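Secondary and tertiary structure notes
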Amino acid sequence: MTFRTKIFLTAFTSAAIALAVATALLSWSIRRDLESRIQRDLTSEARIAAETLSHRTAATESDLDAEADALGRLMSARITFIAPDGRVVGDSELTLDQIHTMENHANRAEVVEARERGMGTSRRFSNTMQTEMMYVAMPVHNPNAPLLALVRVALPLTEVDQQLARVRHFALVGFGVGMAAALLLTWTFSALVSRRVHEIADEARRYAAGDLERPVRDFGSDEIATVARVLDDAVQNLGGRVSELAQDRARMEAILAGMVEGVLVVNEYGRVQLANDAARSMLRLPDPAGRHYFEIVRQPAIAEQIAGVLTGKPSESVELTGVGDAATTFIARTGPISSPGSRGAVVVLHDITDLRRADRIRRDFIANVSHELRTPLTAVRGYVEALLDESMEPEDARRFLEIIARHSARMERLVRDLLRLARLDAGQESIEGVAVSVETLFHEIQVELSDVLQARQQHVRQRIAADAGVVHGDSAKLHDALRNLLENAINYSPVSTSITLGAARRDGRILLTVEDEGPGIPDADLPRVFERFYRVDKARARSGKDPGGTGLGLAIVRHLIELHGGCVKAANRPGGGAIFTVELPG
Ligand code: ADP
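Residues numbered from 1 in each chain as written. Predicted model: local features only at pLDDT ≥ 70, side-chain atom pairs only at ≥ 80, totals over all residues. Heavy atoms only, no water.

1. Description of the overall build of the chain
- Check the secondary structure of the chain and you find 15 helices and 17 strands.
- Against the globule reference of 25 Å for 586 residues, the chain gives a C-alpha radius of gyration of 66 Å, more extended than a compact globule.
- Considering only C-alpha atoms, the chain reaches an extent of 205 × 60 × 35 Å along its principal axes.
- Relative to its 586 residues, the chain shows a buried fraction of 38%.
- A separation of at least 24 residues holds for 59% of the contacts in the chain among residues at least 6 apart in sequence. (Helix = DSSP H or I, 4+ residues; strand = E, 2+ residues; numbered from the N terminus. Rg over C-alpha atoms; globule rule 2.2 N^0.38 Å. Buried < 20%, exposed > 50% of the residue type's maximum accessible area, 1.4 Å probe, protein only. Contact = heavy atoms within 4.5 Å.)

2. Quick look at the packing of aromatic side chains
- Taken as a whole, this structure holds six aromatic pairs when the rule is applied.
- Ring plane angle 15° and centroid distance 5.6 Å describe the contact between phenylalanine 8 and phenylalanine 12, whose orientation is recorded as stacked. Of the two residues, phenylalanine 8 and phenylalanine 12 both sit in helix 1 (residues 3–53), four residues apart, roughly one turn of that helix.
- By relative accessible area, phenylalanine 8 is classed as buried at 12%.
- Owing to a relative accessible area of 21%, phenylalanine 12 belongs among the partly exposed residues under this scheme. (Phe/Tyr/Trp six-rings, centres within 6.5 Å; stacked < 30°, edge-to-face > 60°.)

3. Digging into the sheet that holds strand 10 (residues 342–351)
- A sheet is described by the order of its strands in space; here five strands give the open sequence 7-6-10-9-8, paired in antiparallel fashion. Strands at the two margins of the open sheet, each flanked by one partner only, are strand 7 (272–275) and strand 8 (318–321). Direction aside, neighbouring strands of the sheet carry axes that sit 25° apart on average.
- Direction of pairing for strand 6 (residues 262–267) relative to strand 7: antiparallel, over a ladder of three bridges. Bridge assignment links valine 266 to a residue of strand 7, and that residue is valine 272. (Pairing = 2+ DSSP bridges. Axes fitted to C-alpha atoms, helices over the stretch in contact; angles between N-to-C directions.)

4. Quick look at the packing of helix 12 (residues 438–448) against helix 14 (residues 475–492)
- Across the interface, helix 12 lies against helix 14 with an axial gap of 10 Å and an inter-helix angle of 55°. Regarding the angle of helix 12 to helix 14, the classification is oblique. Along this stretch, helix 12 crosses helix 14, giving a crossing that reads as right-handed. Where helix 12 abuts helix 14, its residues Leu441, Phe442, Glu444, Ile445, Gln446 and Glu448 lie against Ser475, Leu478, His479, Leu482, Arg483 and Leu486.
- Taken together, the residues that form the contact of helix 12 with helix 14 break down as six nonpolar, three polar and three charged. (Parallel < 35°, antiparallel > 145°, perpendicular 65-115°, else oblique. Left-handed = near helix turned anticlockwise from the far one by under 90°. Nonpolar A, V, L, I, M, F, W, Y, C, P; charged D, E, K, R; others polar.)

5. What about the domain arrangement of the chain?
- Each domain of the chain was delimited in the assignment, giving domain 1 (8–157), domain 2 (259–351), domain 3 (355–425) and domain 4 (434–585).
- The gap between the C-alpha centroids of domain 2 and domain 3 is 51 Å. (Domains from an automatic or database assignment.)

6. A short note on the site of the ligand
- Residues in contact with the ligand amount to 19 residues; listed here are only the nearest, Asn488, Tyr492, Asp516, Gly551 and Leu554.
- Asparagine 488 places a side-chain nitrogen or oxygen 2.8 Å from an oxygen atom of the ligand.
- One nitrogen or oxygen atom from the main chain of threonine 550 is found 2.9 Å from an oxygen atom belonging to the ligand.
- Taking 520 Å² as the accessible area of the ligand by itself, protein coverage stands at 97%.
- In terms of residues, the shell around the ligand owes the most to one element, helix 14, which gives three residues.
- Counted by class, the shell around the ligand contains 10 nonpolar, six polar and three charged residues. (Near = heavy atom within 4 Å. Polar contact = N/O pair within 3.5 Å; in protein donor to acceptor, adjacent residues only side chain to side chain. Areas by Shrake-Rupley, 256 points an atom, 1.4 Å probe, with all protein chains shown as cover.)

7. What about unusual backbone geometry?
- Phi is positive for arginine 284, close to 55°, though the residue is something other than glycine.
- As for its position among the elements, arginine 284 is in the loop between helix 7 (277–283) and helix 8 (293–296).
- Classification of arginine 284 by relative accessible area gives exposed; the value is 52%.
- With a phi angle near 50°, glutamine 457 is a residue other than glycine that sits in the positive phi range.
- Positionally, glutamine 457 belongs in the loop between helix 13 (450–455) and strand 12 (459–464).
- The exposed category is assigned to glutamine 457, whose relative accessible area is 55%.

8. What to know about the pattern of salt bridges
- If you walk through the whole model with that rule in mind, you get 42 salt bridges.
- Residue aspartate 161 is joined to arginine 31 by a salt bridge in which the shortest nitrogen-to-oxygen separation is 3.2 Å. Of this pair, aspartate 161 sits in helix 5 (residues 158–208) while arginine 31 sits in helix 1; the two residues are 130 residues apart in sequence, bridging distant segments of the chain.
- A residue is classified by how much of its surface remains accessible, and arginine 31, at 26% relative accessible area, is partly exposed. (Salt bridge = Lys/Arg side-chain N within 4 Å of Asp/Glu carboxyl O.)

9. Let's talk about the packing of helix 5 against helix 6 (residues 223–258)
- It is at 11 Å that the axes of helix 5 and helix 6 come closest, and there the two elements cross at 5°. Judged by the inter-axis angle, helix 5 sits roughly parallel to helix 6. Residues Val193, Arg196, Ile200 and Tyr207 of helix 5 pack against Ile224, Ala225, Ala228, Asp232, Val235 and Gln236 of helix 6.

10. A few points about the environment of threonine 121
- Here threonine 121 lies in strand 3 (residues 120–126).
- Along the chain, threonine 121 and threonine 43 lie 78 residues apart, while their C-alpha atoms are 8.5 Å from each other.
- Not counting the four nearest positions on each side in its chain, threonine 121 is found in contact with Gln39, Glu110, Glu113, Tyr135 and Val136.

11. Some details on the sheet that holds strand 17 (residues 578–585)
- Taking strand neighbours across the sheet as the criterion, the five strands line up as 12-14-15-17-16 in an open arrangement whose pairing is mixed. Looking at which strands have only one partner, the edges of the open sheet turn out to be strand 12 and strand 16 (567–572). Each neighbouring strand pair of the sheet contributes to a mean axis angle of 15°, computed without reference to strand direction.
- The strands that helix 12 touches are strand 12, strand 14 (498–506) and strand 15 (509–515); relative to strand 12, the one it contacts most, it runs at about 170°.

12. Regarding the pairing of strand 15
- Of all seven residues making up strand 15, six are buried, and the element is well covered by its neighbours.
- Relative to strand 15, strand 14 runs antiparallel, the two being bridged by seven bridges. Across the sheet, the residue bridging to arginine 506 is arginine 509, located in strand 15.
- A loop of two residues connects strand 14 with strand 15, the two strands running antiparallel in sequence, and aspartate 507 in this loop sits at a positive phi of about 50°.

See the structure below:
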């Protein structure tokens with residue numbers, strides 16, 4: 001049954017009941033009024049008749065009947081005279097013969113009551129008149145009429161019924177009109193109410209579909225409108241909170257996605273609720289959504305941490321190495337989550353691979369520096385102790401002093417190179433970019449190293465392309481870098497060989513090359529020669545008087561060239577010998 005039908009039926013039934021009750025009450029009250037009026041009229045008529053009769057002289061029955069007929073006409077009612085023994089002695093509606101056939105009236109209710117109380121009333125069906133009658137009887141005190149003891153006035157109640165029938169007719173018409181009006185009103189009202197309820201339902205459906213915009217229509221000001229408005233406010237409120245939550249969630253997801261730390265969240269039942277990209281790649285997790293952490297977390301240490309935290313035990317952080325990539329190291333820390341309505345654990349994975357690598361490099365560096373310094377120091381100390389021996393020949397002493405001087409020079413170079421590297425690391429050296437002539441650059445380093453070149457009978461060739469004559473950069477730093485490369489070429493290639501300094505332009509960049517005819521560098525060592533203290537063959541003695549390089553030269557070169565936004569590469573020439581290429585922005 002629809003809402004509209006319910007409203008309609010309720011209102012219509014109520015109206016029908018009200019109208020029916022009103023009609024019934026009206027009929028009842030009219031009948032009561034009519035009957036009491038008739039009774040009043042009959043009483044006063046009976047009193048008048050009794051009074052009139054108390055002065056008349058009517059000795060015989062025929063006199064009495066005539067008197068009854070006369071009174072009956074006068075009062076338009078049935079008048080009956082009753083003798084002291086109950087016999088009927090006169091009746092306005094009957095002849096004497098008919099009167100004689102009548103029953104004795106001594107026991108009639110109105111007669112008995114009139115004798116006892118001075119007046120009696122009654123209503124009943126009259127066999128004589130064959131109709132419902134109302135009777136009022138009253139005693140008559142007349143010594144001249146000994147046969148007359150009571151007078152009874154009666155009226156048929158048919159008039160009451162007729163009047164009531166008329167009233168009922170009007171009441172029925174009124175009922176019909178009332179019902180038609182009720183029908184029309186309740187139908188219209190139910191249609192209006194139902195339409196408004198449907199409108200509210202439509203709005204609710206729209207909200208349910210996710211469209212939370214406020215309705216433009218006005219719902220009015222009654223209770224239905226209040227309900228609609230309260231619901232609307234509630235939805236708007238909830239909508240606001242939902243969008244705030246969505247924003248929070250989006251923000252949180254963006255934060256988690258952007259974090260380098262891995263984050264894994266499990267609920268109190270151990271089901272994974274969230275794992276950001278970093279956590280997935282660090283732990284090599286398959287799709288974790290809704291799965292138990294036991295199924296996907298393959299690192300027993302982390303699984304143990306989660307299990308411990310979920311059972312309320314405090315957890316220590318653990319360091320794991322080689323979970324995904326052999327070189328990766330991370331620290332896993334697991335903590336409890338206890339927010340209202342939810343409990344669980346959160347694992348945070350912190351990648352410390354770079355930290356560990358930096359630490360290792362630092363330790364290696366310190367070990368290397370210590371080693372590189374200790375070697376010449378030990379030598380210096382040994383020779384100094386030998387010199388202290390007074391029996392030494394002056395020629396030996398001189399040779400020792402020369403060795404001490406060489407080692408001191410090497411230490412000095414080492415310290416100088418270390419300081420330079422430290423400055424470069426700290427970003428304390430900057431580029432003063434100017435146009436530098438490549439030919440001048442080559443010429444200057446060649447002049448600077450001319451003594452060594454001459455000593456080793458090495459010859460330097462230059463091959464400068466026409467479009468690569470000028471390079472943009474810091475001339476002092478480019479000088480240092482190229483000098484270092486030329487020095488290496490001189491030192492690592494045999495005597496009487498040629499070294500070529502080249503300049504060319506390719507893809508808008510300037511390539512400066514230093515080629516030698518030496519043994520070259522083993523392929524496995526090529527990528528590592530730029531590392532600090534890296535030497536291809538640590539046992540290989542360098543030629544000449546130099547007790548050995550610092551192993552820092554190429555590291556400084558790489559730094560200097562990178563400061564220019566360029567790069568440096570080592571390779572072997574197809575025909576033998578090493579080739580170092582400095583690539584600079586054109
Ligand atoms: P070093 O002070 O030992 O020369 P560098 O950093 O300049 O240190 O060079 C690192 C290593 O690279 C050298 O020890 C050497 O083994 C190798 N190397 C550099 N230049 C050449 C070259 N032209 N030919 C062969 N090996 C070279």
